[in-house]
Amino acid sequence: MANVIPSPAHVASSHAMWHWATPQAQRVLATGDLGKILRFHRAVHGINQTTLGRLLGYDKTYISMLELGKRTLDDVGSRRQVADRLRLPPHVLGVTDPADADHRAMLQFGESTVRLAEIARQSGHADQAVAELWPLVARLEARLQDRHTERDVLRLLAHARAGLGVALGNVLPEERLSTAAHWTAKSLDIALRFQDPAFSCEALRMHGNELRKARLRGAAVNRLQHAAALAPTPKARAAVLPLLARAAGTLGDCRLFDTVMRETDALLHEVDHTSLFNPYALHEIRLRGLISTGRTHTAIGLIDDRPAPSIRVSPQWHVIAQITVANVQLLASDRSGARQSLESAIGEATSQRLPQQLQRVLRAAGDQLPDTHAHATHALDQLRRDMAA
């Protein structure tokens with residue numbers, strides 16, 4: 001299919017909608033100069049002083065004097081009206097009143113909600129994270145529909161969308177994981193407009209991982225490679241590389257998998273690794289990648305080198321690792337060990353409400369462990385009933 005090139009009108013319209021999020025807009029807003037702000041708004045929207053005057057309720061002459069600094073808006077009511085018509089928070093024009101206090105309170109509440117949701121997800125309560133983030137995203141989406149595209153609100157919305165997508169990526173069954181990728185994609189749509197490498201890197205990292213889970217492997221590798229290229233610090237790059245290694249493994253790209261794992265090992269000796277990517281988690285990624293790239297014997301040889309689980313590993317990683325280890329144990333004809341690993345995974349996946357991990361258990365058990373397969377089937381059916389209730 002040929003690439004579709006958007007029309008100039010469409011590009012201008014899209015840019016105008018998001019113009020307050022751009023670095024150029026931030027420089028203009030930081031001056032607090034109403035004249036500069038009005039000129040910037042006109043330039044972005046391609047409108048003249050007459051049109052802007054109609055929007056703000058003034059004639060062309062008065063707009064001209066405001067832009068030249070020959071007149072000022074000294075009363076709070078007029079400045080609040082201009083802020084509302086330009087879709088700006090009132091404090092940008094020097095207005096500090098209850099409306100602005102509500103705006104700041106909304107941001108503080110939203111940022112706290114995103115942080116607490118992430119703590120809940122990392123603690124094995126992704127369903128609680130989803131419940132916290134849905135209302136916040138809905139509220140911020142409503143502001144976006146009303147064309148309020150202030151930079152701080154957009155940044156919060158991007159973080160909330162990404163958090164919602166990642167949390168859904170834990171609690172949804174495999175056949176619905178495209179929904180999780182949908183939300184992280186919506187986060188990425190905003191992040192890329194900020195022209196901030198760290199912000200874009202984070203959004204690409206989360207979206208790439210959800211694409212992998214949704215089995216869009218090539219797209220996942222592409223996004224994660226982009227994230228690694230944008231990473232502004234070694235620590236940020238170290239957060240991306242394990243996910244890239246996993247995606248490369250699922251794609252069957254042996255060469256890329258090995259290259260990325262070598263760099264990951266080196267980086268994690270140089271930087272403070274996060275709670276997610278420590279030796280325990282990396283061992284699981286390495287085992288799964290070796291199996292996916294056809295190196296079963298190497299994986300079997302590494303199974304007994306498992307690092308001890310750390311309290312810093314999120315509960316879901318214990319489930320993920322147990323299932324991967326069981327796959328290797330079955331390849332080594334250790335049915336007893338595999339059964340024990342999978343039964344433990346079933347219990348933890350059930351308590352944490354992780355349907356996709358139960359689906360992984362079903363595939364791992366297959367025909368070799370019929371009792372375990374039946375147990376996982378029952379647990380998955382019960383979990384689906386509970387989630388539908």
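Residues numbered from 1 in each chain as written. Predicted model: local features only at pLDDT ≥ 70, side-chain atom pairs only at ≥ 80, totals over all residues. Heavy atoms only, no water.

Some points on the nonpolar core
Core analysis: the biggest nonpolar cluster contains 74 residues, and Leu140, Leu154, Leu164, Leu168, Ile190 and Leu244 have the highest contact counts within it. With 10 residues, helix 9 (residues 151–171) is the single largest residue contributor to this core. Filtering out sequence-adjacent residues up to four positions away, isoleucine 190 remains in contact with Trp18, Leu154, Leu157, Ala158 and Arg161. Counting 21 residues, the second-largest nonpolar core is a separate cluster that includes Val44, Leu56, Ile63 and Val92. (Core = buried A, V, L, I, M, F, W, Y, C linked by side-chain atoms within 4.5 Å. Buried < 20%, exposed > 50% of the residue type's maximum accessible area, 1.4 Å probe, protein only. Helix = DSSP H or I, 4+ residues; strand = E, 2+ residues; numbered from the N terminus. Contact = heavy atoms within 4.5 Å.)

A few points about the pattern of salt bridges
Under the counting rule described, the total for this entry stands at 16 salt bridges. Close ionic contact of arginine 161 with glutamate 141 constitutes a salt bridge, the shortest N to O distance being 3.0 Å. With arginine 161 in helix 9 and glutamate 141 in helix 8 (residues 126–145), the pair connects residues that are 20 residues apart, well separated along the chain. One exposure class covers both arginine 161 and glutamate 141, and it is buried. Where glutamate 263 meets arginine 237, a salt bridge forms, and the shortest distance between an N and an O atom there is 2.5 Å. Of this pair, glutamate 263 sits in helix 14 (residues 254–267) while arginine 237 sits in helix 13 (residues 234–251), and the two are 26 residues apart along the sequence. According to the relative accessible area criterion, arginine 237 is partly exposed, its value standing at 25%. Ionic contacts of the salt-bridge type, sharing partners, join the residues Glu141, Arg161 and Lys186 into one network. (Salt bridge = Lys/Arg side-chain N within 4 Å of Asp/Glu carboxyl O.)

Structural notes on the UniProt feature "domain: HTH cro/C1-type" (unreviewed entry) in the protein
Residues annotated in UniProt with the feature "domain: HTH cro/C1-type" (unreviewed entry) correspond here to residues 38–93. For residues 38–93, helix accounts for 62% and strand for 0%, while the C-alpha atoms at its two ends are 11 Å apart. (UniProt positions renumbered as here; feature names shortened; annotations may be inferred.)

So, the environment of isoleucine 320
One can find isoleucine 320 in helix 17 (residues 315–331). By relative accessible area, which is 8% here, isoleucine 320 ends up buried. Residues isoleucine 320 and isoleucine 285 lie 35 residues apart in sequence; the distance between their C-alpha atoms is 9.6 Å.

Here's the deal with the packing of helix 10 (residues 177–191) against helix 11 (residues 197–213)
Remark: helix 10 packs on helix 11, axes separated minimally by 8 Å, with the N-to-C direction vectors making an angle of 165 degrees. With respect to each other, helix 10 and helix 11 are oriented roughly antiparallel. Between helix 10 and helix 11 lies a crossing whose hand is left-handed. Contacts between helix 10 and helix 11 involve Leu177, Ala180, Ala181, Thr184, Ala185, Ser187, Leu188 and Ala191 from the first element and Phe199, Ser200, Ala203, Leu204, Met206, His207, Glu210, Leu211 and Lys213 from the second. Looking at side-chain class alone, the contact of helix 10 with helix 11 contains 11 nonpolar, 4 polar and 2 charged residues. (Axes fitted to C-alpha atoms, helices over the stretch in contact; angles between N-to-C directions. Parallel < 35°, antiparallel > 145°, perpendicular 65-115°, else oblique. Left-handed = near helix turned anticlockwise from the far one by under 90°. Nonpolar A, V, L, I, M, F, W, Y, C, P; charged D, E, K, R; others polar.)

Quick notes on helix 4 (residues 49–56)
Looking at helix 4, one finds that the buried residues are Gln49, Leu52, Gly53 and Leu56. Seen from one end, helix 4 has its buried residues packed into an arc of 105 degrees, which puts them on one side. Looking at the buried positions of helix 4, the neighbouring elements they touch are helix 3 (34–45), helix 5 (60–68) and helix 6 (76–85). At the N-terminal boundary of helix 4, the capping side chain belongs to asparagine 48, with an oxygen 3.2 Å from the backbone nitrogen of threonine 50. Immediately beyond the C-terminal end of helix 4, within one or two residues, lies glycine 57, with a positive phi of roughly 90 degrees. (Arc of directions from axis to C-beta. Polar contact = N/O pair within 3.5 Å; in protein donor to acceptor, adjacent residues only side chain to side chain.)

Describing the packing of aromatic side chains
Counted according to the given criterion, the structure contains 3 aromatic pairs. Pairing tryptophan 134 with tryptophan 183 gives two aromatic rings, centres 5.7 Å apart and planes at 90 degrees, and the pair type is edge-to-face. Taken together, the positions of tryptophan 134 in helix 8 and tryptophan 183 in helix 10 put the pair 49 residues apart, joining distant regions of the chain. A residue is classified by how much of its surface remains accessible, and tryptophan 134, at 39% relative accessible area, is partly exposed. Of the residues examined, tryptophan 183 reaches a relative accessible area of 10% and is grouped as buried. (Phe/Tyr/Trp six-rings, centres within 6.5 Å; stacked < 30°, edge-to-face > 60°.)

With respect to unusual backbone geometry
With a phi close to 55 degrees, glutamine 195 is a non-glycine residue in the positive phi region. Among the secondary structure elements, glutamine 195 is positioned in the loop between helix 10 and helix 11. Unlike most non-glycine residues, arginine 353 shows phi in positive territory, near 60 degrees. We classify arginine 353 as partly exposed; its relative accessible area is 27%.

What to know about the side chain of glutamate 141
The buried category is assigned to glutamate 141, whose relative accessible area is 13%. Here the side chain of glutamate 141 touches arginine 161 through a polar contact of 3.0 Å, side chain to side chain. Beyond its immediate sequence surroundings of up to four residues, glutamate 141 is in contact with Leu157, Arg161, Trp183 and Lys186.

Digging into the packing of helix 11 against helix 12 (residues 217–230)
Angle between the axes and distance between the axes are the two parameters that describe a pair of packed helices. In contact at an axis separation of 8 Å, helix 11 and helix 12 are set at 160 degrees when each is read in the N-to-C sense. Compared by their axis directions, helix 11 and helix 12 come out roughly antiparallel. You can see that helix 11 and helix 12 cross each other, and the crossing is left-handed. Where helix 11 abuts helix 12, its residues Pro197, Ser200, Cys201, Leu204, Arg205, His207, Gly208, Asn209, Leu211 and Arg212 lie against Ala219, Ala220, Arg223, Leu224, His226, Ala227 and Leu230.

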